[in-house]
Amino acid sequence: MSRNFTIGWRCSPLVYVSIVAALSAPFAASVAVANPQLMSEVDTQAASEVSYANFQQWLRDFRLYAAGQGISEATLSNALDGVRYRERVIELDGYQPEFVRPIWEYLDTAVSSTRITNGQEKLADHRDTAQQMEQRYGVPAEIIVAIWGIESNYGSNFGDFSTLESLATLAYDGRRRDFARGELLAALRIIDQGDIAAEDMKGSWAGAMGHTQFIPSSFEAYAVDGDGDGRRDIWDSIPDVMASTANYLDRAGWQTGQPWGIEVRLPEGFDYAQTERRSSAEWRNQGVQAQQGELPNFDSAAIVVPAGANGPAFLVGANFRAILRYNNATSYALAVATLGDAIAGREGIQHSWPRDQAPLTRDDVQELQRALNRVGYSVGGADGVMGPNTRQGLRNFQRDQGLIPDGFATQALLEQLRQRSQ
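What you are looking at is a predicted structure, and each value in this text was computed from that prediction instead of being measured.

Thresholds, definitions, all that
Residues numbered from 1 in each chain as written. Predicted model: local features only at pLDDT ≥ 70, side-chain atom pairs only at ≥ 80, totals over all residues. Heavy atoms only, no water. Helix = DSSP H or I, 4+ residues; strand = E, 2+ residues; numbered from the N terminus. Buried < 20%, exposed > 50% of the residue type's maximum accessible area, 1.4 Å probe, protein only. Contact = heavy atoms within 4.5 Å. Areas by Shrake-Rupley, 256 points an atom, 1.4 Å probe, with all protein chains shown as cover. Salt bridge = Lys/Arg side-chain N within 4 Å of Asp/Glu carboxyl O. Pairing = 2+ DSSP bridges. Expected span 1.5 Å × (residues − 1). Core = buried A, V, L, I, M, F, W, Y, C linked by side-chain atoms within 4.5 Å.

Student: What am I meant to see in the overall build of the protein chain here?
Tutor: Helix and strand counts for the protein chain come out as 19 helices and six strands. Here the protein chain, with 422 residues, has 47% of them falling under the buried criterion. Taking the intrachain contacts of the protein chain between residues at least 6 apart in sequence as the baseline, contacts between residues at least 24 apart amount to 64%. With an accessible surface of roughly 20,700 Å², the protein chain has 45% of that area assigned to carbon and sulfur atoms.

Student: Quick question: what am I supposed to make of the pattern of salt bridges here?
Tutor: Where charged atoms of side chains with opposite charge meet at close range, the side chains can pair. Under the counting rule described, the total for this entry stands at 18 salt bridges. Ionic pairing is found between Arg63 and Asp81, a salt bridge with its closest N-O pair at 2.7 Å. Of this pair, Arg63 sits in helix α3 (residues 36-68) while Asp81 sits in the loop between α4 (73-80) and α5 (87-93), placing them 18 residues apart in sequence. Residue class for Arg63 comes out partly exposed when judged on its relative accessible area of 21%. Residue Arg355 pairs with Asp108 through a salt bridge whose shortest N-O separation is 3.0 Å. With Arg355 in the loop between α16 (330-343) and α17 (362-374) and Asp108 in helix α6 (residues 103-110), this residue pair connects regions lying 247 residues apart in the sequence. Residue Arg355 is classed as partly exposed on the basis of its relative accessible area, which comes to 46%. In this structure Asp108 comes out as partly exposed when scored by relative accessible area, which is 39%. Because the salt bridges share partners, they merge into one network encompassing Arg63, Glu73 and Asp81.

Student: What is the right way to read the sheet that holds strand β5 (residues 302-304) from this model?
Tutor: Sheets are built from strands that pair by backbone hydrogen bonding, the pairs being arranged parallel or antiparallel. The four strands are arranged β4-β3-β6-β5 in an open sheet whose pairing can be described as antiparallel. Edge strands, defined here as strands with exactly one partner in the open sheet, are β4 (289-290) and β5. Sheet topology places strand β3 (residues 261-265) next to β4; two bridges connect them, and they run antiparallel. Looking at the pairing, Arg265 lines up with Gln289 of β4.

Student: How should I be thinking about unusual backbone geometry in this particular structure?
Tutor: Excluding glycine, a negative phi dihedral is what most residues carry, and trans is how most peptide bonds are arranged. One non-glycine residue, Asn153, adopts positive backbone phi at about 50°. Within the secondary structure, Asn153 is located in the loop between α9 (141-152) and β1 (161-162). In this structure, Tyr154 takes a positive phi of about 60° despite not being glycine. Accessibility expressed as a relative area gives 6% for Tyr154, which makes it buried.

Student: Even after reading the chapter, I still don't get α16, so can you show me in this structure?
Tutor: For α16, built from 14 residues, the straight-helix expectation of 20 Å at 1.5 Å per residue is met to within 8% by its first-to-last C-alpha distance of 20 Å. Most of α16 sits out of view: 12 of its 14 residues are buried. Along α16, the residues that are buried comprise Tyr332, Ala333, Leu334, Ala335, Val336, Ala337, Thr338, Leu339, Gly340, Asp341, Ala342 and Ile343. Contacts made by the buried residues of α16 are with α6, α7 (113-125), α9, β6 (313-316) and α15 (318-326). Gly345 occupies a position one or two residues after α16 and carries a positive phi of about 90°.

Student: Honestly, the nonpolar core in this entry has me stumped. Any pointers?
Tutor: Note on soluble globular proteins: their nonpolar side chains tend to be buried together. Counting residues in each nonpolar core, the largest one holds 88 residues, and the members touching the most others are Trp58, Leu164, Leu188 and Met201. The greatest single-element share of this core, amounting to nine residues, is contributed by α16. Residues within four places of Leu164 in sequence aside, it is in contact with Ala79, Val83, Leu184, Ala187, Leu188, Ile191, Ala198 and Met201. Ranked by size, the runner-up nonpolar core spans 15 residues in total, among them Val365, Ala371, Val375 and Leu417.

Here you go:
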């Protein structure tokens, strides 16, 4: 048989690979040398087919599991037949931004003049509904609208990913597979109960759904039928969206009649290492003053300095903590709080941000964490995230160096740590 021929590209990659594998090794090598692009395409498409087959097997196994958990056959067929593996979801799941975004840049976008104006218009359009939910749950109308604005830009961008495909992909191949598997089962229960059709369950790549981005387990726990039609619809019913959001915050501990917090002035020599909650009276005795007006009467409040001693400071109470239950990031809670203030016509943050500080990259933060560990300030693993352990370790280092222990990472602090840990 002559070896000077071209194999027609009319079979599947797996079949082609089988044919090549059946031939002699020298011949297979000659094919690779003669047409490396073809062999690369074979490898890529073959791997894709194997991955697809494995995903489909996983999906069949999950379907059996879901049936055992009480999901009806009709829902399983409607929801899972045709579900695809989404490579884009895995790409987004693995994405890590190079820079740790400064809080002031985040707030510039999250609380922009356009978003404030749009929020005021949305509140005017839905004032009766928002006020009804405020009366029912005790959460101010402007806070409900602010969460709507931060989560999906008032419904203009809540994602067009199939929630089922996103969660199935993440449960099969994501970083938090068990979590995604639980959320996928919750999504099936929601469909089984008739709140939403499978094809209409849309949201972000991560499985957050609707106008205010509930994950399925949060939907099950907090979603409310606000318009009385018998369904909880956070995709198309604004009364349901507002009722569900207010119910979430109410259940998270929102205290009716209390503000989220207030911007404050800290006295000279203030101990920034204090992380305990204290009453407003105790903070007042330390010399803490409101930037404008008087301190709210909090029984339990904390001082927050998200950009360190050179940035704004805030005294925050139980309602700030309730917002953190929605999304456990200080930048997020401050965005919701200040956007709500702006929508209601109240003044924004007065103190300037330290915009001259160059942001740390994720690699910088990892280096800082490793350096803190080396010089005896244990912060755990070097994951590139400025979490509470890293901030506490940094505060301890700052205190021992005679610096203000505000826990705010800067390039200058990183350079000091480099020198100390060499």
